[in-house]
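Fold and geometry: a report
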Amino acid sequence: MEIIDLTIHELHEKLKAKEVSSVEATRAMLDRIEAVDGQVNAYITVTPEQALVEAEAADKRIAAGDIAPLTGIPVGLKDIFVTKGIRTTCGSRILENFVPPYDGTAVAKLKEQGAVIVGKLNQDEFAMGSSNESSYFGPVKNPWNLECTPGGSSGGSAAAIAARTATATLGTDTGGSIRQPASHCSCVGLKPTYGRVSRYGVIAYASSLDQVGPLTRDVTDAALLLGAIAGHDPKDSTSVNTTVPDYVAGLATGVKGLKIGLPKQYFIEGLDPDVKRAMDEAIALYKSLGAEMREVSLPHTEYAVATYYLIATAEASSNLARYDGVRFGHRAADARGLKEMFAKTRAEGFGSEVKRRIMLGTYALSSGYYDAYYVKAQKVRTLIMQDFLNAFNEVDVLLTPIAPTPPFKIGEKLADPLQMYLSDIFTIPVNLAGTCGISIPAGFSAAGLPIGLQLIGKPFGEATILSTAYAFEKETQWHLKKAPL
Amino acid sequence: MKYQVVIGLEVHTQLTTNTKIFCGCSTRFGAEPNSQTCPVCLGFPGALPVLNKQVVENAIRAGLATNCSITQRNVFARKNYFYPDLPKGYQISQFDLPICQHGHLDIEVDGETKRIGITRIHMEEDAGKLVHADIPGVDDSCVDLNRACTPLLEIVSEPDMRSPDEAIAYLKKLHQIVMYLGICDGNLEEGSFRCDANVSLMPVGSTVFGTRAELKNINSFKFIKQAIEYEIERQAEILDDGGKVIQETRLFDPNTGTTRSMRGKEEAHDYRYFPDPDLVPVLIPDQWIEDVRATLPELPEAKRARYVAELGLPEYDAEVLVSSRELAQYYEETVALFPQAKTVSNWVMGEVSRALNEDNNRSITDCPVTPALLADMLKLMEKGTISGKIAKTVFDEMYKTGKAPEKIVEEKGLVQVSDTGAIEAMVDEVLKNNPAQVEQYRGGKETVFGFFVGQVMRASKGKANPAVVNDLLLKKLKG
Ligand SMILES: [Zn+2]
């Protein structure tokens, strides 16, 4: 096996045994990026010099016997993570040349462990999108089929795993932005409970929904990486102060006697037959492993997409107000007067999907519409949360598809934003409920495109969905299949 | 027509916390532009606000001191608008759930007490400042964000005031209270205590308010009066001509004493308030409120009443002494050491205040004559060691040197002479040298008596005990 194919825990063993150095691993990854990223476009910025300096430092640490699980591991970061001294664009022209003066908390935690940052990954502009087509830096291609999208918005983070241009990556998930691309690229993607991981230093899209999570080659890595970044952060008032369990230690718990719920609203007519088949196989497998299947109801599911597009865009319209050309980022060159500077800067700096969502959100918050849209959406959100809590009174985990279809073609849904929005129908409710969900490889379509399976857990029930996912992975081994790149 | 003015005031008080409301930056005034900033107060991507609990505590203090009820579940809201001094494109403030509501203050104008309602007090962050670039040929503005994110309380009154004097009385009272609470430095010029006035007119006898104008940029008590008076005149003229007052924001110009419209610069805003998702609701349990209540200082009104009732001071003295917390403290510390309330009051309002005034309006907290020194000196006076006249000399010396009064008296030989023999010799000398005046006195012109006293005191260099001098003079002249 090549270095680039290894998981975090496999590479860790080799680093520890000094069979390979971090510099070698980092070089291998940088070479791989050089070789294939031209086709995939997963990276917006690659940082070879800095990565090698970090790798050397990691090797010194290892030589001194001071090795943490992530020491010397080459990782990539969605370009939504603010990184000190490394350009951070968030996929937008408005931040094309923005070099932040500080590291966010998740990044700082990776650095503390001695992880090596090889670069910043492509994404939908400001994480607004489900196909990575809204990036100012061009769409990311799906390594399984370069004509397809890798999903979004953390498309670069998922594609880099599939293209084997990073050992692991971090993404963010606001309405499915980790889980859906993970599904489309056949990797593991975990969206933790809201408040589990600090949002400090993560460029905000929708503050009440955004959550940081890992994208990895297998479930063990997801457990490991989550453990590294989770925990209370005094710099993020919404991060929750509960203990972080040892996720890796709990992986082999098994599913015997586990009650798995199948929300009937998620197994609808019109589900792609390949997706349906993969779900049926997964259900059969879990049964064979001793899990108990139960149908449950999440009655407000049909309102989730509308609710999401009111709350997320309302928050976004405010969150993105700071991009005004005054202190950082793009500023229109020839504006006369203040108003024109603001207007031109933003007109030039933002892409059309971002503008669409800013307008939607501004509208939802406007006086006269606020109660009908924003307030109503918050009420529905409460009902959706309640749906999940009710379901979790009956079952331990929910099993659902991630997306209604396998990866779609680049350009296929661009003309119809509503169709695009509906592709997140199975992931969005989890964000609205603020709970956790994981996407794991669950097979392939007839055309050879990846299909993911979603396991949804109780709030702060990451350990349970991880062990449930681990049981599946051990039996299926879908995660070992490599993209033909 | 005769009009009745209706005034409501919105006061922004900058809180004297060491750090800003949502980040750890210093709030010190006057630092190098943009030196007291960080990713949070610069509104950098990814930065998040974290609430400074001290701000909440100060807001509770303000609320309790103004008879408000305290909201136990507080929500911060975003007020969205674009301006270069507003880093995030929104201000974090409070909207429908302000921390204090339904309070009041009692003011006194022309001997009459009037209750002014306080609608609400809410917590918010300040914006930065636009400064004109002092570069020749460059017409750009620059932004200083040191002030961005410093904590403010906005205190909104009911439209209960009916004259500029009532407005001033309310403001002074509020100013005094925030200073007493120690939550605001009260500096109007530096903008720590800023006032906007909503002013409207209605025909006398009417109960329907007219259209109001909001007056901004008023940074002294004097200007507030000027601005409101000008505005009354302006609106009356419009109404007399059959015109309509436009609801608008007007800027006060201290150079001309007039207000002018800001129309065109600030259009009607829809601030699109909504709860800030970056901050969790602040819950204030009863216990917290009671803990804060227990630490509240005695407020000026209560203090004044106590000075009159318990210390027997005249109203006027009490009023002057409680005008600032520091002055009252100085007074109380002195009285504690020398329990003659009126004597101490005379000295504090007299010599102490005079000396401080003459010394560049030095602060009482910085007075070289400490309460202990003043009390020691008063004790020397009481014992008769020094006369009242010498005491003034001693006081000036203490002010200059900070030395103990006993030491000054000893060094300068200022001990009062009460030795009858020594004084008698001086009296004899004076009578001998002024036979004409003695004649006059004995002839019935008793007013000459003061002349003899003066002569004896001069001869003793002020040290003779005046009572003894009087006694001896009377005895000799009548004798
Ligand atoms: Zn700051």
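As a convention, each chain's residues are numbered from 1 in the sequence order in which they are written. The order in which chains are written sets their letters, starting at A; the order in which ligands are written sets their numbers, starting at 1. Predicted model: local features are reported for residues with pLDDT of at least 70 only, side-chain atom pairs are reported and counted for 80 or more only, and whole-chain, interface and lining totals are derived from all residues. Here the side-chain values reflect all heavy atoms present in the structure, with hydrogen atoms and water set aside.

**A word on the overall build of chain B**
Numbering of helices and strands runs from the N terminus; a helix is a DSSP stretch of H or I covering at least four residues, while a strand is a stretch of E covering at least two. For chain B, the helix and strand inventory stands at 15 helices and 16 strands. Taken over C-alpha atoms, the radius of gyration is set against a globule rule of 2.2 Å times the number of residues to the power 0.38. Whereas a compact globule of 479 residues would reach a radius of gyration of roughly 23 Å, chain B reaches 30 Å, over 25% beyond that. Principal axes of the C-alpha set define a box for chain B whose edges measure 95 × 55 × 55 Å. For each residue, the accessible area found with a 1.4 Å probe, counting protein chains only, is set against the maximum for its type, and the residue is called buried under 20%, exposed over 50%, and partly exposed in between. A burial count over chain B gives 52% of its 479 residues as buried. Contacts were defined at the residue level, with two residues in contact if any of their heavy atoms lie within 4.5 Å. Here the contacts in chain B between residues at least 6 apart in sequence split such that 69% fall between residues at least 24 apart. Residues scored as charged are limited to Lys and Arg (positive) and Asp and Glu (negative), so that His and the chain ends carry no count. To locate a charge, take NZ of a lysine, CZ of an arginine, CG of an aspartate or CD of a glutamate. In chain B, 54 side chains carry a positive charge and 69 a negative one; their mean positions are 4 Å apart.

**Quick look at the sheet that holds strand S5 (residues 90-93) of chain B**
When DSSP finds two or more bridges between two strands, those strands count as paired. With respect to topology, 3 strands assemble into an open sheet ordered S5-S4-S15 (chain B), the strand pairing being antiparallel. Edge positions in the sheet fall to S5 and strand S15 (274-275) of chain B, since each of these pairs with one other strand and no more. Lying on the sheet, helix H9 (residues 304-319) of chain A is in contact with strand S4 (77-80), S5 and S15 of chain B; it crosses S4(B) at an angle near 60°. Axes here mean lines fitted to C-alpha atoms, for a helix over just the part in contact, with angles spanning 0 to 180 degrees between N-to-C directions.

**Some words on the sheet that holds strand S13 (residues 248-253) of chain B**
Paired through their backbone hydrogen bonds, the strands of a sheet run either parallel or antiparallel. Residue and element names in this part refer to chain B. Across the sheet, which stays open at both edges, the 9 strands sit in the order S2-S6-S7-S10-S1-S11-S12-S13-S14 with mixed pairing between neighbours. Because the sheet does not close on itself, it has two edges, and the strands there are strand S2 (69-70) and strand S14 (258-261). Pairing between S2 and strand S6 (residues 100-109): 2 bridges, direction antiparallel. By the bridge assignment for S6, Ile70 is matched with Cys100.

**Considering the interface of chain A and chain B**
Listed as interface residues are 39 residues of chain A and, on the opposing side, 32 residues of chain B. Each of two parts loses accessible area, computed with a 1.4 Å probe, when they are put together; buried area is these two losses added. Interface of chain A and chain B: buried area, both sides summed, is about 2800 Å²; carbon and sulfur atoms make up 60% of it. By convention in these notes, a salt bridge is any Lys or Arg side-chain nitrogen within 4 Å of a carboxyl oxygen on Asp or Glu. Applying the counting criterion to the chain A and chain B interface returns 1 salt bridge. For the salt bridge of Arg199(A) with Asp278(B), the shortest nitrogen-to-oxygen distance reads 3.1 Å. Breaking the side of chain A that touches chain B down by element, the ones donating at least two residues are H9, helix H10 (338-349) and helix H11 (352-365) of chain A.

**A short note on the packing of aromatic side chains**
Residue and element names in this part refer to chain B. Between the rings of Phe, Tyr and Trp (Trp by its six-membered ring), a pair exists once the centres lie within 6.5 Å; its type follows the angle of the planes, with under 30 degrees stacked, over 60 edge-to-face, and the other angles tilted. According to the stated counting rule, one finds 31 aromatic pairs over all chains in the structure shown. For the pair Phe95 and Tyr273, a centre-to-centre distance of 4.0 Å together with 10° between the ring planes defines the contact as stacked. With Phe95 in the loop between S5 and S6 and Tyr273 in the loop between S14 and S15, this residue pair connects regions lying 178 residues apart in the sequence. Considering the side-chain rings of Phe395 and Tyr399, the 6.4 Å spacing of their centres and the 35° angle between planes classify their relative orientation as tilted.

**Structural notes on the UniProt feature "active site" (unreviewed entry) in chain A**
Residue and element names in this part refer to chain A. UniProt records the feature "active site" (unreviewed entry) at Lys78, Ser153 and Ser177, using the numbering of this structure. In three dimensions, the annotated residues from a span of 100 residues occupy one location, with a maximal C-alpha spread of 10.9 Å. Here Lys78 shows up in strand S2 (residues 74-78). Filtering out sequence-adjacent residues up to four positions away, Lys78 remains in contact with Lys120, Leu121, Gln123, Ala127, Ser153, Ser154, Ser157, Leu170, Gly171, Thr172 and Ser177. Once residues lying within four places of it in the same chain are set aside, the contact partners of Ser177 are Lys78, Ala127, Gly129, Gly152, Ser153, Ser154 and Thr172. Polar contact is the term for a pair of N or O atoms within 3.5 Å; when the atoms are in protein, one must be able to donate a hydrogen and the other to accept it, and sequence-neighboring residues count only if both atoms are side-chain atoms. At 2.8 Å, the side chain of Ser177 forms a polar contact with the side chain of Ser153. UniProt positions are given in the numbering used here, feature names are shortened, and annotations may be inferred rather than shown by experiment.

**Points about the pairing of strand S10 (residues 151-157) of chain B**
Residue and element names in this part refer to chain B. Within S10, 7 of the 7 residues are buried, which leaves the element mostly enclosed by the surrounding structure. Every second residue of S10 is oriented toward a common face, with Pro151, Leu153, Ile155 and Ser157 on one face and Leu152, Glu154 and Val156 on the other, all of them buried. Looking at chain direction, strand S1 (residues 3-14) and S10 are connected through 5 bridges and run antiparallel. By the bridge assignment, Val11 is partnered in S10 with Ile155. Across 7 bridges, strand S7 (residues 112-125) lies against S10 in antiparallel orientation. Looking at S10, one finds that His122 is bridged to Glu154.

**Some remarks on helix H8 (residues 273-288) of chain A**
Residue and element names in this part refer to chain A. What a helix is expected to span follows from its residue count: subtract one and scale by 1.5 Å. Look at H8: 22 Å from first C-alpha to last across 16 residues, which is about the 22 Å you get at 1.5 Å a residue. Along H8, the residues that are buried comprise Asp274, Val275, Ala278, Met279, Ala282, Ile283, Leu285 and Tyr286. Along its buried surface, H8 packs onto strand S7 (259-263), strand S8 (292-296), strand S9 (397-401), strand S10 (436-444), strand S11 (450-457) and helix H15 (462-476). By the N-cap criterion, in which a side-chain oxygen at the helix start approaches the backbone nitrogen of a residue two or three places on, H8 is capped by Asp272, the distance to Asp274 being 2.8 Å.

**What about the coordination of the zinc ion?**
Residues and elements named next belong to chain B. The rule for donors is simple: N, O or S, within 2.8 Å of the metal, or within 3.2 Å if the metal is Na, K or Ca. Water isn't counted, so a site may look like it is missing partners. Within the first shell, the zinc ion binds the protein through Cys23 (SG), Cys25 (SG), Cys38 (SG) and Cys41 (SG), at distances of 2.3 to 2.4 Å. One can describe the site at the zinc ion as tetrahedral: its 4 donor atoms subtend angles covering 101 to 114° at the metal. Mapped onto the polypeptide sequence, the residues donating to the zinc ion form the spacing pattern C-x1-C-x12-C-x2-C. Here Cys23 is found in the loop between S1 and helix H1 (53-65), whereas its partner Cys38 is found in the loop between S1 and H1, with 15 residues between them in sequence. Each member of the pair, Cys23 together with Cys38, is buried. The rule is simple: four donors are tetrahedral if all their angles sit between 85 and 135 degrees, four are square planar and six octahedral if opposite donors span more than 155 degrees and the others lie between 65 and 115, and anything that fits none of that is irregular.

**A few points about a negative patch on the surface**
All names here are of chain B. Taken together, the side chains of Glu229, Glu233, Glu237, Asp240 and Asp241 define an acidic patch exposed on the protein surface. Residue placement: Glu229 occurs in helix H3 (residues 221-240). Glu229 gets classed as partly exposed once you look at its relative accessible area, which sits at 38%. Two distance rules govern patches: like charges are joined within 9 Å, and nonpolar side chains (Val, Leu, Ile, Met, Phe, Trp, Tyr) within 5 Å, applied only to residues with over 30% relative accessible area and no salt bridge. Reported accessibility uses the Shrake-Rupley method at a 1.4 Å probe radius. Residues are deemed covered only where the shown protein chains occlude them.

**Side note on the packing of H1(B) against helix H4 (residues 286-294) of chain B**
All names here are of chain B. Viewed as axis vectors pointing N to C, H1 and H4 meet at an angle of 70°, and their least axial separation amounts to 10 Å. Here H4 runs roughly perpendicular to H1, going by the angle between their axes. Remark: the crossing between H1 and H4 carries right-handed chirality. Within the contact between the two elements, H1 uses Lys53, Val56, Glu57, Ile60, Arg61 and Leu64 and H4 uses Trp288, Ile289, Val292 and Arg293. We call two directions roughly parallel when the angle between them is under 35 degrees, roughly antiparallel when it is over 145, roughly perpendicular when it lies between 65 and 115, and oblique otherwise. Crossing handedness is defined as follows: a turn of the near helix away from the far one that is anticlockwise and smaller than a right angle gives a left-handed crossing, while the clockwise case is right-handed.

**Quick word on the nonpolar core**
Residues Phe126(A), Tyr286(A) and Tyr170(B) are the most contacted members of the largest nonpolar core, which totals 234 residues. In terms of residue count, helix H2 (residues 164-181) of chain B provides more of this core than any other element does, 10 residues in total. The residue makeup of this core includes at least three contributed by each of domain 1 (3-288) and domain 2 (298-412) of chain B. Every residue in contact with Tyr170(B), bar those within four places of it in the chain, is listed here: Leu9(B), Leu105(B), Ile107(B), Ile116(B), Ile118(B), Ile155(B), Ser157(B) and Met161(B). Here, nonpolar core means buried Ala, Val, Leu, Ile, Met, Phe, Trp, Tyr and Cys residues that are tied together by side-chain atoms lying within 4.5 Å of each other. By size, the runner-up hydrophobic cluster in this structure holds 19 residues, among which are Val456(B), Met457(B), Val468(B) and Leu472(B). For every domain, the bounds stem from an assignment made automatically or drawn from a database.

**Some remarks on the confidence of the model for chain B**
Put simply, chain B has an average pLDDT of 92, and 98% of its residues get 70 or more. Reported confidence for the predicted complex is 0.96 by ipTM and 0.90 by pTM. Along the chain, pLDDT gives the predictor's confidence residue by residue, from 0 to 100.

**Side note on the pattern of salt bridges**
Using the criterion set out here, one finds 51 salt bridges over all chains in the structure. Here Lys379(B) makes a salt bridge to Asp376(B), at a shortest N to O gap of 4.0 Å. Placement of the pair is Lys379(B) and Asp376(B) together in helix H9 (residues 371-383), with a separation of 3 residues, close to one helical turn. Note on Lys379(B): relative accessible area 33%, which makes it partly exposed. The network of salt bridges with shared partners includes Arg199(A), Asp236(A), Arg78(B), Asp276(B) and Asp278(B).

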